[in-house]
Amino acid sequence: MLRRRLNQLFGGDEKRVDSRTIYVGHHPCPATEAFIPPKFCDNRIVSSKYTIWNFLPKNLFEQFRRIANFYFLIIFLVQVIVDTPTSPVTSGLPLFFVITVTAIKQGYEDWLRHKADNEVNKYPVIVLEDGRSIRKESEKIKVGDIVEVVEDETFPCDLILLQSSRDDDTCFVTTASLDGESNHKTHYTVPDTEKDLQSLNATIECEQPQPDLYKFVGRMHIYKTEQEPAVRSLGPENLLLKGATLKNTKKIYGVALYTGMETKMALNYQGKSQKRSAVEKSINAFLLVYLCILISKAVVCTTLKYVWQSQDGQDEPWYNQKTQKEKETYVYLKMFTDFLSFMVLFNFIIPVSMYVTVEMQKFLGSFFITWDKDFFDPEIQEGALVNTSDLNEELGQVEYVFTDKTGTLTQNNMEFIECCIDGFQYKNTDSMSELDGFCVTDGPVNKLQQKAGRDKEELFLRALCLCHTVQVKEAGPDEIDSDQVDGQLGDLSRPDEQRGFIASSPDEVALVKGAMQHGFTFLGLENKAMKIRNRQNDLEVYDLLHVLNFDPVRRRMSVIVRTKSGETLLFCKGADSSIFPRVRPDEVDRIRMHVERNATEGYRTLCVAYKQLSPEEYAVADAGLRDARLALQDREEKLMAVYNQVETSMSLIGATAVEDRLQEEAAETMEALQGAGMKVWVLTGDKMETAKSTCYACRLFQRGTELLELTVRTLEDGGRKREERLLELLVDYHKKAVQDAPPVKVGVTRSWSTATQEYGFIIDGATLSLVMNPSPDANPSRYKSLFLQICQNCTAVLCCRMAPLQKAQIVKMVKNSKGSPITLSIGDGANDVSMILEAHVGIGIKGKEGRQAVRNSDYAIPKLKHLKKLLLAHGHLYYVRIAHLVQYFFYKNLCFILPQFLYQFFCGYSQQPLYDAAYLTMYNICFTSMPILAYSLLEQHIAIEILLDNATLYREIAKNAMLKWGPFLYWTVLGIFQGLLFFFGVRYLFSNPALQDNGQVFGNWSYGTIVFTVLVFTVTLKLALDTRHWTWINHFVIWGSLAFYVFFSFFWGGIIWPFLKQQRLYFVFANMLSSVSAWLVIILLILLSLLPDILLVVFRKPRGPHARQISAVTPLSYKHLNELY
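Let us look at the structure shown here. (Residues numbered from 1 in each chain as written. Predicted model: local features only at pLDDT ≥ 70, side-chain atom pairs only at ≥ 80, totals over all residues. Heavy atoms only, no water.)

Quick word on the overall build of the chain
Rules: Per the convention used, a helix needs a DSSP run of H or I reaching at least four residues, while a strand needs a run of E reaching at least two, with both numbered from the N terminus. We call a residue buried when its accessible area falls under 20% of the maximum for its residue type, exposed when it is over 50%, and partly exposed in between, using a 1.4 Å probe and counting protein chains only. Should any heavy atoms of two residues lie within 4.5 Å, those residues are counted as being in contact. Using a 1.4 Å probe, accessible areas were evaluated by the Shrake-Rupley method; residue-level cover was limited to the displayed protein chains.
Scanning the chain for helices and strands turns up 37 helices and 33 strands. With 1125 residues in all, the chain has 55% of them scored as buried. Relative to all contacts within the chain whose residues are 6 or more apart in sequence, the contacts with residues 24 or more apart total 74%. Just so you have it, the chain exposes about 49500 Å², and 58% of that area is on carbon and sulfur atoms.

Here's what the structure looks like:
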């Protein structure tokens, strides 16, 4: 591990060498050569952040990087070193509490990561050594080991498939945890390998580890005695990726190629960094302002002290005057210690307890998400989960949502809906007995209730049964799953119907099932013979000659079969845009209308065509295909040329419509998010057509949305170099979507702005690589800038065929763009982990594709529909609560310390405290902490139902609206006004110091106590005025805090405490309350201080449909909200 890191830092072997050589089974090749085993990294996976040795220093370093923690550490050290007016305990204890709580929380989270790593690293695997099967721990696998994997196990590292238990030398794999696709993919063994792997002498030359899941280039040299070594090309079809699962294959053997942190899965994993919320950044900015105020106060007081002391008779009495030498000794040191003493005296303006309260608010507040009954899913018997409570308020600030498609927007459950044969629409019916009664039409009236000819129907259904790569899995007696149940026809007891289907694409299974429901059953493939049962229950057998595989550029796939009568047929299915140009135009017109209607309804549409090949045509095609498949250079291009040559002059039979069922309330959720002003991007590893259909179904793309496509297909349309065409398209789209588009008004929702043209943007992984990493002579920043501007002006963006790391790159690019928008990623598979970790907020869905996304997320929810309430209700309220908490803390501490500053002007700048030490310590800890904590947990200034019904309310708190400089200035001015009122109001009272009936004079401690009493009551009642959602807890803490203050003051001043050197407040509070004048001043000052708030509440008239809720928003938050109604 360390070696790999050092290599990365200092440019080790892997940077110098473009390929690696692996010795299969660690045998020297040829056997006569000396064998020096190459060094590669071990198979350990490390996702944790700390070790037991570095936890304390690393965690403390990270915590003291926070400006507040570092500041309080300095203050604490000053109090310890310098003789200051207050005790070091006042700042040391809260700091110790915050550091300890945070360290325990982060240590626990990392322990969970260690535990998850150990589960993977200690997993038992079987390795072949010297002809014996040896059980080892996964972390001990070395590159070159031959590993055995059995059915339903995940691959422990990246393997090259050497041997399979299946007769056709293939195996089936699901990559749900890698790219989100839960369908089965077929992988092939390397040809001509020995059956006895122990005697296999071979080396593999391949590329160095790289993160692209879909690319792999290598070759295998097989050495046999007294023969030339055979060379076999290796591609992605031979590579089994770590994290993928073996299916429908009893056992395979593979050689370890990439291990540990060099596997493609690990290279796609983003390291977990500590996320910080925008609120925390605002706190740091406000902290700097208050730090400047603090320093300026200390500088002013220190300067004025020495100016005042320079006057004769002011520094000391005449009978104890210092000599000139004494005055000048250490003068600068004295000035510095005086400055530090003033800093400590005024230090309470920086609220250390705010950090404790914020930590508690976040921790306790997160339980409300966990307890929310609306998030409970009866299907999995689980609710929401909070992994990181630090980001609660960030849920109320989201501007961009990046969502996975498969398993997040959709259930990945394809269903055959309808088909169109020769221009006639056939609706799917549940009744299997009505084999001929499923025809309706939306065509011309004279075709009502008509059907296509029987021959055409049967030809179409045969095409569905033959044109695919579906495999049949015979089900055991206890193994009938939903696939088999949906796919049964007639008598369930018949053994050949007890089957499940395995395919590389779920829509292929849906089409085979659709044919089944209409009378044609696919029975499987045996020895290159495809068997189907027709409507008359007769068995038909076709020889499978060639499969022309699907690819994203051609967007179609074909099979060539031979019937028993000797006819050679080609069946082709694909997207309408790729089939229509290859059939007769008069056939297209009959079917185009159905295809377009189905597409606008959000269905996945495919067109079906066929062609009868003459013996001469087939002979040419067969020779071309065989030659192209043996080519080591440009294999893809040669195959493509033959495919295009064969797939011409076909006859169009019909079209199909398949629905990928959306998650519950997916469309409503997406609409609500867009209504709230969020931009939704869909990032998927799936094919473009499927993803596009899903975007239509989710209403991300509307019928009138113009789609701007930037994919491999559009880049190859111009016939020029890809990069030239890319720049041309980017400039063209930029002109259309950005330059020519009218400016968007703030607050205008999508439904109100339909008069302007809406744009949707589509890009695929290959094109994104070109945009992000163009050739050296191109300008990379220009490509990115154009791409980003186009995307930001589109209503929705679809990125398909994305590798996991590309998803993270997209999120990072938007996150770091102008304005630093807050991003949220949501997904359900391990392929989404990178983008979940990269975004400001990561949300995992507790789906069917393992729990990697949930483990790495900040929040986990059972279903996509829960995202709406999580953001629009919980996120909105959390943000408003914590924003109010932050502003309130700065305000109440300014009110607290301003009279202390003003008092220095009347006590000779002697650092005399205005308040008793007990009051200084307990003001933030006891007297004013609980009411704001209760407010920040329970406040609902707008009812949750209103927030969910009116998504636009979310826009009003966007871009950190309540923590901008305007509201901050308002709170600061209010604090200064009230601080001046407290001090000078009480000073006016003390113009006649004999305030008791017996003429006894009040002293400075009485003065400070009256100011403190007015202060505590004012700031607590100010919070009571701001509270809109009263519960018994609010009543208890607000009135309880005030009662506790009065009780404590009586108790503290009513007893002689043996541990106190001086008892400053002995009976001061009781004496103060015996004066009617003091009572009058206290009540008057409290009323005068709260008068601005009371007037605002009384005279502000709420308007609009939600007047009650809107009027609840405090004037200090987003005052302009009222103007919208």
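Next comes the rest of the write-up.
Focus on unusual backbone geometry
Notably, Arg699 is not glycine yet its phi reads approximately 65 degrees, a positive angle. The residue Ser820 is not glycine, and still its phi comes out positive at about 40 degrees. Summarising the element assignment, Ser820 is placed in the loop between α25 (804-815) and β31 (823-827). Owing to a relative accessible area of 46%, Ser820 belongs among the partly exposed residues under this scheme.

Focus: the packing of helix α28 (residues 866-903) against helix α33 (residues 1004-1026)
Note the cut-off: Axis definition: a line fit to C-alpha positions, over the contact stretch in the case of helices; interaxial angles, taken between N-to-C directions, run 0 to 180 degrees. For classification, angles of less than 35 degrees are called roughly parallel, those exceeding 145 degrees roughly antiparallel, those between 65 and 115 degrees roughly perpendicular, and all remaining angles oblique. Crossing handedness follows the turn of the near helix against the far one: under a right angle anticlockwise gives a left-handed crossing, and clockwise gives a right-handed one. Basically, the charged four are Asp, Glu, Lys and Arg, the nonpolar ten are Ala, Val, Leu, Ile, Met, Phe, Trp, Tyr, Cys and Pro, and anything else, Gly included, counts as polar.
Here α28 crosses α33 at 165 degrees, and the two axes come no closer than 11 Å. As judged from the angle between their axes, α28 and α33 are roughly antiparallel. As for how α28 packs across α33, the hand of that crossing is right-handed. Touching His884, Tyr888, Tyr891, Lys892, Cys895, Phe896, Pro899 and Tyr903 of α28 are Asn1004, Val1011, Phe1012, Leu1015, Thr1018, Val1019, Thr1020, Lys1022, Leu1023 and Asp1026, all from α33. Within the contact of α28 with α33, the residues separate by chemical class into eleven nonpolar, four polar and three charged.

Considering the side chain of Lys1022
How we decide: In the analysis that follows, any N or O atom pair within 3.5 Å is treated as a polar contact, provided that within protein one partner can donate a hydrogen and the other can accept it, and provided that, for residues neighboring in sequence, both atoms belong to side chains.
One can find Lys1022 in helix α33. The exposure class of Lys1022 is buried, given its relative accessible area of 0%. Only 2.8 Å separates the side chain of Lys1022 from the side chain of Asp1026, close enough to count as a polar contact. Looking at Lys1022, its side chain comes within polar contact range of the side chain of Asp1093, at 3.4 Å.

Some thoughts on the sheet that holds strand β5 (residues 158-164)
Sheets are built from strands paired through backbone hydrogen bonds, the pairs being either parallel or antiparallel. The cut-off we apply is this: At least two DSSP bridges between two strands are required for those strands to pair.
Spatial strand order, β3-β2-β4-β13-β5-β11: six strands in an open sheet with antiparallel pairing. Sheet topology places β3 (132-137) and β11 (239-240) at the edges, where each strand pairs with a single neighbour. Judged from the three bridges that link them, strand β2 (residues 124-129) and strand β4 (residues 146-150) form a sheet pairing that is antiparallel. In the sheet register, Leu128 faces β4, and the bridge partner there is Ile146.

Focus: the pattern of salt bridges
Our working definition: The working definition used for a salt bridge is a side-chain nitrogen of Lys or Arg within 4 Å of a carboxyl oxygen of Asp or Glu.
Overall, the coordinates contain 38 salt bridges when judged by the stated rule. For Arg44, the salt bridge identified is with Asp42, shortest N-O distance 3.1 Å. A residue is classified by how much of its surface remains accessible, and Arg44, at 33% relative accessible area, is partly exposed. For Glu458, the salt bridge is made with Arg462, and the minimal N-O distance between the two is 3.7 Å. In this pair, Glu458 and Arg462 are both assigned in helix α12 (residues 454-466), four residues apart and thus about one turn of the helix distant. Connected via shared salt-bridge partners are Asp377, Glu379, Glu664, Lys863 and Lys865.

Brief notes about the sheet that holds strand β8 (residues 201-207)
With antiparallel pairing, the four strands of this open sheet are ordered in space as β1-β8-β9-β10. The open sheet has two edge strands, β1 (19-23) and β10 (230-234), and neither has a second partner. Adjacent strand axes in the sheet meet at a mean angle of 20 degrees, parallel and antiparallel pairs treated alike. By the bridge criterion, five bridges tie strand β9 (residues 218-223) to β10 in an arrangement that is antiparallel. The residue bridging Ile222 from the neighbouring strand is Ala230, located in β10.

Notes on the packing of helix α11 (residues 352-371) against helix α30 (residues 929-938)
Here α11 crosses α30 at 35 degrees, and the two axes come no closer than 9 Å. When you trace α11 past α30, the crossing you get is right-handed. Of the residues in α30, those in contact with Thr357, Met360, Gln361, Leu364, Gly365 and Phe368 of α11 are Leu933, Ser936, Leu937 and Leu938.

Let's talk about the pairing of strand β22 (residues 539-548)
In this sheet, β22 lies alongside strand β21 (residues 529-533) in antiparallel orientation, the contact comprising five bridges. Residue pairing in the sheet places Met530 in a bridge with Tyr542 of β22. Relative to strand β23 (residues 556-562), β22 runs antiparallel, the two sharing five bridges. Bridge pairing links Asp543 to Arg562 in β23.

Topic: the packing of aromatic side chains
When we look at a pair of aromatic rings, we describe it by the centre distance and by the angle of the planes. Selection criterion: Only rings of Phe, Tyr and Trp enter the pairing, Trp through its six-membered ring, and a pair is recorded when the two centres are within 6.5 Å. The plane angle decides the type: under 30 degrees is stacked, over 60 is edge-to-face, the rest tilted.
Enumeration over the complete set of coordinates arrives at 36 aromatic pairs. Each ring, one from Phe367 and one from Trp371, has its centre 5.4 Å from the other, and the planes form 25 degrees; the classification is stacked. Taken together, the residues span about one helical turn, with Phe367 and Trp371 both in helix α11 at a distance of four residues. The rings of Phe896, Tyr923, Phe927, Phe1012, Phe1017, Phe1044, Tyr1045 and Phe1048 are connected pair by pair, giving a single aromatic cluster.

Structural notes on the environment of Val712
Residue position: Val712 is located in helix α21 (residues 712-717). Through-space distance from the C-alpha of Val712 to that of Leu768 is 9.8 Å; in sequence the pair is 56 residues apart.

Observations concerning helix α23 (residues 765-772)
Within α23, six of the eight residues are buried, leaving the element largely enclosed by the surrounding structure. All of the buried residues along α23 are Gly765, Thr767, Leu768, Leu770, Val771 and Met772.

Considerations on the pairing of β8
Burial of β8 is extensive: five of the seven residues sit out of reach of the surface. Pairing geometry for β1 and β8, over five bridges, is antiparallel. Bridging from a neighbouring strand, Thr21 pairs with Glu205 of β8. Strand direction decides the pairing type here: β8 and β9, joined by six bridges, are antiparallel. Paired with Thr203 across the bridge in β9 is His221.

Topic: the side chain of Arg725
Mapping Arg725 onto the fold places it in helix α22 (residues 722-739). Here Arg725 falls in the buried class, since its relative accessible area comes to 14%. For Arg725, the side chain forms a polar contact with the main-chain oxygen of Thr714, separated by 3.1 Å.

Some points on the state of the cysteines
Basically, it comes down to this: Only a pair of cysteine sulfur atoms within 2.5 Å counts as a disulfide in this structure description.
Counting across every chain of the model gives zero disulfides. Cys791 provides the cysteine sulfur closest to Cys794, a residue in no disulfide bond, and the two sulfurs are 6.2 Å apart. Free of any disulfide, Cys799 has its nearest neighbouring cysteine sulfur in Cys791, separated by 6.5 Å.

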